[in-house]
Structures are given as structure tokens and as C-alpha cells.
Amino acid sequence: MFGLNNNPRNLPEQHFTAHVGLYPSFSAFVLFYEHSIEKLFSDVSEGNGAPDAIAIPLLFLMRHTMELGYKFSLVHLCKLNSNLFDPKGVGHSLTKLHKQLGLEFSEAQKHGHVSAKDREAFDEYYTVTETKMLIFDKLDPGSVKLRFPNSDETPVLPEEVNLLKLKNGFDEAMILLDTVVDVIARPGIYHG
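Colleague: Would you take a moment to explain the packing of helix H2 (residues 51–80) against helix H6 (residues 163–185) for this structure?
Modeller: The description of two packed helices rests on the angle between their axes and on the distance between the axes. Packing of H2 against H6 brings their axes to within 10 Å, and their N-to-C directions diverge by 20 degrees. On the basis of the axis angle, H2 is roughly parallel to H6. Here H2 and H6 pass one another in a crossing that is left-handed. Looking at the contact of H2 with H6 residue by residue, the classes come out as 22 nonpolar, four polar and one charged.

Colleague: Explain the nonpolar core here, please?
Modeller: One broad trend across soluble globular proteins is that nonpolar side chains are buried collectively. Among the nonpolar cores identified, the biggest contains 42 residues, and Leu59, Met62, Met66, Tyr70, Leu77, Leu101 and Phe136 are the most heavily contacted of them. Of all the elements in the fold, those that place two or more residues in this core are helix H1 (26–45), H2, helix H4 (94–110), helix H5 (116–139) and H6. When residues in this core are grouped by element, the largest group, 14 residues, is from H2. Ignoring anything within four residues of it in the chain, the contact list for Met62 reads Ile37, Phe136, Leu166, Lys167 and Phe170.

Colleague: Even after reading the chapter, I still don't get the environment of Val44, so can you show me in this structure?
Modeller: By secondary structure assignment, the location of Val44 is in helix H1. Setting aside anything within four residues of it in sequence, one finds Val44 in contact with Gly49, Ala50, Pro51 and Ile54.

The rules behind each value
- Residues numbered from 1 in each chain as written.
- Predicted model: local features only at pLDDT ≥ 70, side-chain atom pairs only at ≥ 80, totals over all residues.
- Heavy atoms only, no water.
- Axes fitted to C-alpha atoms, helices over the stretch in contact; angles between N-to-C directions.
- Helix = DSSP H or I, 4+ residues; strand = E, 2+ residues; numbered from the N terminus.
- Parallel < 35°, antiparallel > 145°, perpendicular 65-115°, else oblique.
- Left-handed = near helix turned anticlockwise from the far one by under 90°.
- Nonpolar A, V, L, I, M, F, W, Y, C, P; charged D, E, K, R; others polar.
- Core = buried A, V, L, I, M, F, W, Y, C linked by side-chain atoms within 4.5 Å.
- Buried < 20%, exposed > 50% of the residue type's maximum accessible area, 1.4 Å probe, protein only.
- Contact = heavy atoms within 4.5 Å.

None of the figures reported here should be taken as evidence of function without further support.
See the structure below:
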């Protein structure tokens, strides 16, 4: 056999069969990406891996997961507010997504869909997340710099990034988006 032993425990081949087509929802994608992010980051946080080796895929997954989380939240918040969310209008801009999330959450509150407790939690994480989200948006504003190297050989990414700082920012963003999910998933408020 050539190459690496990808099955060192000699597990049956069926163990490696993934049913990717069974999970077509935004929420499943976000959950699975979050799980992968935790696995990658734990290598570095436990001292088992080099930050340079995981930085680009980790940053890509964190940024992409935040974008999916924002879009998932906006699709359902807009529906709750009887609005239509057009993802093409905001593209891949986390800044635009963040701003629209704040506007839609405020509108949901005006319509009585948001409790004072939910608003308080949202406001706390909205402000904190905005600062961290801007770091991700500056790092890769169009969601292309982390996908492949720049072809014109000019520097596209900073030489150094603090993965711990960005991971903490990612975690805060996911708490913000979980607050929104709690609002849209509340029985009697959102059906669909």
C-alpha cells in the first residue's frame, strides 16, 4: 500500500461512509463547521499542532461559518418580520450582514417577537461581536483571500494573526447568532 495509513484501526469500510445529502439545511452546515473548527483549534490549544499549519483552513472555516450563521438568522428573522432576505444584496460582507441583523432584530422587537431579556443578550453580544467581526471582514472582505493564494503575488493576508483572539471573536459571534435562533425558534412565534 502506498501513502498514509488512513485506517490505522482497521475499521470496516462502512464506518467511513458519510451521508452528506441528508443535511441540506443552514443549521446543519453551521453545526458541522463549528464541530470542525473545534477539532482544528483544539490541536493548537492543547499544544499538539503548529498554528501556521491550521491557520488558513481554520480562519476560512470560522469566517464562512459566521457568514452562514448570519444568513441563516437573517432568512428566518426576515420571514418573522414578513420581509424577504436577499443574500445577493449583502454578498459576503460580514459588515453588511451584521448591520442587517441589527435592523431585523429591532424590527422583530417592534412587532413583539423579542423579550426584554432577549434584547439585552442580543445588544451585549451585538456590540462585542461587531468589533471582532470587523477583524474577519478586514482579513478577508470578499471571502476569497483564504480560499486560495493570491495569483499576482502581492501580500493579501497579514503576516501574523492571533488565532486565540479570532477564535474568541468567532465564539462570541456564535453566541450572538444563537440568541437570534432562540428568538426565531420560540414556539408560537415562528412557524416554518
